[in-house]
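# Breakdown of the fold
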Amino acid sequence: MNRVRFAPSPTGHLHIGGARTALFNYLFAKKYGGTFILRIEDTDELRSTGESVKSIFESMKWLGLNWDEGAMPDGSEKGPFGPYVQSAREAAGVYKKYSEELLKSGKAYECYCTPAELDEMRKKAQLEKRPPKYEGLCRNLTAARKKEFEAQGRKPVIRFRMPDDGVTAWNDLIHKDVKFENKLLYDFIMIKASGYPTYNFACVIDDHLMEITHVIRGDDHISNTPLQINLYTALGWKIPELAHLSMILGPDGTRLSKRHGATSVGEYRNQGYLPQTMRNYLALLGWSTVDSQQIFKEGELEEKFDLKGCQKSPAIFDPVKLNWMNGEYIRGYSKEALLELALPYIKEAGLPVEKGRAPLADIVALEQEKYKLLSEIPGLIKFFFTEVEYDPKAVEKTLKTPDAGKILEGVKGAYASLNVFKEAEIEAATRAFAKAGGFKAGAVFHPVRVAVSGRTEGPTLFRMIEYLGREESLKRLAHAATLI
RNA sequence: GCCCCCAUCGUCUAGCGGUUAGGACGCUGCCCUUUCAAGGCAGAGAUCAAGGGUUCGAAUCCCUUUGGGGGCGCCA
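Rules behind the numbers
Residues numbered from 1 in each chain as written. Chains lettered and ligands numbered in written order. Predicted model: local features only at pLDDT ≥ 70, side-chain atom pairs only at ≥ 80, totals over all residues. Heavy atoms only, no water. Phe/Tyr/Trp six-rings, centres within 6.5 Å; stacked < 30°, edge-to-face > 60°. Helix = DSSP H or I, 4+ residues; strand = E, 2+ residues; numbered from the N terminus. Buried < 20%, exposed > 50% of the residue type's maximum accessible area, 1.4 Å probe, protein only. Near = heavy atom within 4 Å. Polar contact = N/O pair within 3.5 Å; in protein donor to acceptor, adjacent residues only side chain to side chain. Contact = heavy atoms within 4.5 Å. Domains from an automatic or database assignment. Buried area = accessible area lost by both parts, 1.4 Å probe. Salt bridge = Lys/Arg side-chain N within 4 Å of Asp/Glu carboxyl O.

### Some remarks on the packing of aromatic side chains
The geometry of an aromatic ring pair comes down to the distance between the two centres and the angle between the two planes. Following the criterion strictly, the structure yields 18 aromatic pairs and no others. Ring geometry for Phe24 against Phe305: centres 5.1 Å apart, planes inclined by 65 degrees, an arrangement best described as edge-to-face. Here the residue Phe24 occupies a position in helix H1 (residues 16-31), and Phe305 occupies one in the loop between helix H11 (300-304) and strand S13 (315-316), the gap between them amounting to 281 residues. When its relative accessible area of 0% is taken as the criterion, Phe24 is described as buried. Ring centres 5.3 Å apart and planes at 85 degrees place the aromatic pair Tyr281 and Phe317 in the edge-to-face group. Of this pair, Tyr281 sits in helix H10 (residues 275-283) while Phe317 is found in the loop between S13 and helix H12 (319-331), placing the two residues 36 residues apart along the sequence.

### Quick look at the protein's contact with RNA strand B
Thr43, Asp44, Lys370, Gly458 and Thr460 are the nearest of the 65 residues found near RNA strand B. A distance of 2.9 Å is found between a phosphate oxygen of RNA strand B and a side-chain nitrogen or oxygen belonging to Lys192. One nitrogen or oxygen atom from the side chain of Glu328 is found 3.3 Å from a phosphate oxygen belonging to RNA strand B. Those elements that place two or more of their residues in the surface near RNA strand B are helix H5 (115-127), strand S8 (176-181), S13, H12 and helix H19 (441-453).

### What to know about the side chain of Ser55
Counting through the fold element by element, Ser55 comes out in helix H2 (residues 50-63). Apart from the residues within four sequence positions on either side, Ser55 is in contact with His13 and Leu14.

### Examining the domain arrangement of chain A
As far as domains go, chain A holds domain 1 (3-90 + 248-316), domain 2 (93-245), domain 3 (334-386) and domain 4 (387-484). On a C-alpha basis, the centres of domain 1 and domain 2 stand 27 Å from each other. At the interface, 27 residues of domain 1 touch 30 residues of domain 2. Summed over both sides, the interface between domain 1 and domain 2 buries roughly 2600 Å², with carbon and sulfur atoms accounting for 56% of that surface. Our enumeration of links across domain 1 and domain 2 arrives at 6 salt bridges. Two residues, Glu45 and Lys192, come together in a salt bridge whose shortest N-O distance is 3.4 Å. Taken together, the links from domain 1 to domain 2 amount to 17 residue pairs in polar contact (both at pLDDT 80 or more). Those elements giving two or more residues to the side of domain 1 that touches domain 2 turn out to be strand S1 (3-6), H1 and helix H3 (86-91). It is H1 that provides the largest number of residues to the side of domain 1 that touches domain 2, a total of 5 residues.

Structure below.
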């Protein structure tokens, strides 16, 4: 039985890269009937916040990445391997047990160097063009020397004693063979002076204790991996399978960051992207099927996902393709379902929708094939409910013409005498007027469109007029005539 | 500076020794059409980063170079 985990550190919102890692772990678990675990890595005492935890939960839920085990949004825990929050595990003495074991066996040691001293050493190493790694100054401290340091008020950290020679290698599920020379590795800190574990330590302990079988994470962790492997070995533990996903980069080829625009899942949600879009698009960043399938129906990703289809090279996040995909998903909805999705945005925009004469769902659906983002819906249907804002260019082009006045007047008359004010009748009347007046159909349609909507582009004209209602349409035709 | 990873159309990618190098987004044109979209069709776009090998044959295997990315924290 496969067990995988997503282990975010709650120092901010769930961002695109994290979401992709979570998604791949989730899909891997679903594909092979495994268990997907959520573990909170809040060992950064300074930056971790409860707010972030909440926000990450929300984004995960929105994306539909439900976990089988782990910390739950209501503060409870699910699963037999808890606690699933590292600060709680620390409090329970989980990490101390193993750090002491390693201390006792000599595979770890106490280091009394201060951050300032370490900084100094690093700078010096840089200057002398040596690798800026910790040189193991405190590796063989005598008891007397330790006492001296203690007397100075120094608090020790616990470092892992890295092998001096040999090679650490593994067979990565995505990158194949990766190897590092041990002499280039450094004695990383397992336990900070505060008593808290560091990432490299806590991660290994927890992955082992939680019986994680596959570690799937970003390849920014590749250089941490040999450190962790040595720790597994020192503890005599089995090393899980390792898979390192390629990074997601911004359009300029550098690491995705704030200056590329939205980076958090929440921001995409607010802009009106659908969770299916995000899942589908993110899945395709660094993964593909042999036939390059683009759109995946519900459940299909879970079925088709495979680590074998994962890319080694980094992928550039392309908002244009994201938008296309979101449009695809929006077009797939029934008008009722689309209305449900659009409602929050319509409310947010404060449109007085009660003034509409046609059902709101019909009005929203009128331009369904045009929407790329839910957030752009209010702007496109606004003219149904509020006073028309005439686009000066549209007015110039269609209303400031010799015949416009005649046309608006004539159409108005035709509409006023209509018995049934429905799309088909409106169209028939409009065409009849055009024919009688010797106008080309388009020559009539265009000014009418601008007169009732203020724009040259919009929904199919006669249905739009029907939804607007006779009274409102006549009013707008009259008003438009004054603009000529 | 040191270490590691990566390299196919602008972008996401298929390919895994013999292909007219395939698909998707975007782009261009045509069709449909009252507009914009959507849809349909057609097209442009990749000397497979470069240079060496190996081989009858290389995008596919090996080496070097170049370029890009990541790491080198008492962050994760």
